[in-house]
Every structure is written in C-alpha cells, then in structure tokens.
Amino acid sequence: MASGVKVTDEVIAVFNDMKVRKAQANEDEKRKRKKAILFCMSKDLKNIVLDDGKEILLGDLGTTVQDPYQHFVKMLPPDDCRYALYDATYETKETKKEDLVFIFWAPDSAPLKSKMIYASSKDAIKRKFEGIKHEWQVNGLEDLKDRHTLAEKLGGSSVISLEGSPI
C-alpha cells in the first residue's frame, strides 16, 4: 500500500554519502561521515525528512559517543516510529565488514496512525535506498538492546564482533 509520501533530496543525499566510502577521504571528511541517522515524517506527513540532530558522526566515536550501537538505540523515540540507517562495523570469522542496515522502528507504544503511515511509506524510502543488504523491522527496545540481534541480521553465527565488541 503506497502512501504518496515523498523522500526529500536531503535524505537521498545522506544515504548516498553513507553508501559511498571514499578511500581517499582526509581525516576531517572521515570525522564528518555519518555512523547512524534517523529519518521521520514531516509535520504535514507528506515527506520523509532528516530527524534534526538525530545522528552519530564518526568523529563523535571515542569522544562524545563510546558505544555507537547503544547511543543509537537511545536516540530512538520510545513512543513514535522512525526510519534509520546504521553503518554497522563487524567482524566475521573470515573478515572485517561494514554494511548499511535500514531499520524501521515501530514500537508497540507508537500511536496506531503513526504506525500505519510509516508502514505504508516504507516502500517509498526503500526504493530510494538502492543496494541495502540488510533490513530490520523493530517493534520494541527488547529487540534492540542486545547487539546479538543485529549481529544475527548481519551474518548469523559467523559474526564474532560488532563495533569492536565481542558477541
């Protein structure tokens, strides 16, 4: 079911920046890269927009953010829906990897109208986010608070660490 909601150019630009990792990026550019970001519906419910101030930059890691995954979980509103991109850094038994994860946050405590609008608009944002390998719908903090669940989504039992912490 399509909702007719549009994805703003700003949201698409953020996705493209997160998707393309520049090998020659200088330190300043690397620090400004987004580790995680939230998207929400505009006030008039016609557009998917950036959720102001709801982001983690790589430059925040080790300074204002110690554990990016736990910080990300705390950014999610307890009683409303959001879309999110999380740039997961993890290690399997064979190699180190980085993958973008598209997350649809729809907590049980969110108003029914919000859940319906976000659910019916999810395809609009997913169509703009080409190349996403991992999608995760989360309906409560209990699904998120343990990093094992994300590790399972990324590669099952072959994942041995997430964000530098052992699983």
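Placed above this text is the structure.
One structure accompanies this document, and this report is about it.

Rules behind the numbers
- Residues numbered from 1 in each chain as written.
- Predicted model: local features only at pLDDT ≥ 70, side-chain atom pairs only at ≥ 80, totals over all residues.
- Heavy atoms only, no water.
- Helix = DSSP H or I, 4+ residues; strand = E, 2+ residues; numbered from the N terminus.
- Rg over C-alpha atoms; globule rule 2.2 N^0.38 Å.
- Buried < 20%, exposed > 50% of the residue type's maximum accessible area, 1.4 Å probe, protein only.
- Contact = heavy atoms within 4.5 Å.
- Areas by Shrake-Rupley, 256 points an atom, 1.4 Å probe, with all protein chains shown as cover.
- Lys, Arg positive; Asp, Glu negative; His and termini not counted.
- Charge placed at Lys NZ, Arg CZ, Asp CG, Glu CD.
- Polar contact = N/O pair within 3.5 Å; in protein donor to acceptor, adjacent residues only side chain to side chain.
- Pairing = 2+ DSSP bridges.
- Arc of directions from axis to C-beta.

1. Here's the deal with the overall build of the protein
Then, in step 1: In terms of helices and strands, the protein carries six helices and eight strands.
Then, in step 2: Mapped from its N terminus to its C terminus, the protein presents α and β elements in the order β-α-α-β-β-α-β-β-α-β-α-α-β-β.
Then, in step 3: Here the protein has a C-alpha radius of gyration of 16 Å; the compact-globule value for 167 residues is 15 Å, and the two agree.
Then, in step 4: A principal-axis box enclosing the C-alpha atoms of the protein has dimensions of 45 × 35 × 30 Å.
Then, in step 5: When each of the 167 residues of the protein is scored for burial, the buried share is 43%.
Then, in step 6: The long-range fraction of contacts in the protein, counting pairs at least 24 apart against all pairs at least 6 apart in sequence, stands at 63%.
Then, in step 7: A total accessible area of about 9,200 Å² is found for the protein, and carbon and sulfur atoms account for 50% of it.
Then, in step 8: Placing the 28 positive and 28 negative side-chain charges of the protein at their respective mean positions leaves the two points 2 Å apart.

2. Focus on the side chain of Lys 35
Then, in step 1: With respect to the helices and strands, Lys 35 occurs in strand 2 (residues 34-41).
Then, in step 2: Lys 35 sits in the buried class, given a relative accessible area of 3%.
Then, in step 3: Apart from residues lying up to four places away in sequence, Lys 35 is in contact with Met 18, Ile 56, Leu 57, Leu 58, Pro 68, Leu 85, Tyr 86, Asp 87, Ala 88, Thr 89 and Glu 163.

3. A few points about the side chain of Arg 33
Then, in step 1: As for its position among the elements, Arg 33 is in the loop between helix 2 (27-32) and strand 2.
Then, in step 2: Within the structure, the side chain of Arg 33 is placed 3.2 Å from the backbone oxygen of Val 20, a separation counted as a polar contact.
Then, in step 3: In this structure, Arg 33 is in contact with Asp 17, Met 18, Val 20, Arg 21, Ile 56, Leu 57, Leu 58 and Asp 87, ignoring residues within four places of it in sequence.

4. A few points about the pairing of strand 3 (residues 47-57)
Then, in step 1: Of the strand pairs in this sheet, strand 1 (residues 6-7) and strand 3 are connected by two bridges, and their pairing is parallel. Across the sheet, residue Lys 6 finds its bridge partner in strand 3, namely Asn 47.
Then, in step 2: Direction of pairing for strand 2 relative to strand 3: antiparallel, over a ladder of six bridges. Within the sheet, the bridge partner assigned to Cys 40 lies in strand 3 and is Val 49.
Then, in step 3: Between strand 2 and strand 3, which pair antiparallel one after the other, the connecting turn spans five residues, and Leu 45 there sits at a positive phi close to 60 degrees.

5. Considerations on helix 3 (residues 68-75)
Because each turn of an α-helix spans 3.6 residues, side chains separated by three or four positions end up pointing in the same direction.
Then, in step 1: Taken together, the buried positions of helix 3 are Pro 68, Tyr 69, Phe 72, Val 73 and Met 75. Viewed end-on, helix 3 has its buried residues packed into an arc of 155 degrees, placing them on one side of the element.
Then, in step 2: The N-cap residue of helix 3 is Asp 67: its side-chain oxygen and the backbone nitrogen of Tyr 69 are 3.0 Å apart.

Note that all results are geometric; they support no functional claim without further evidence.
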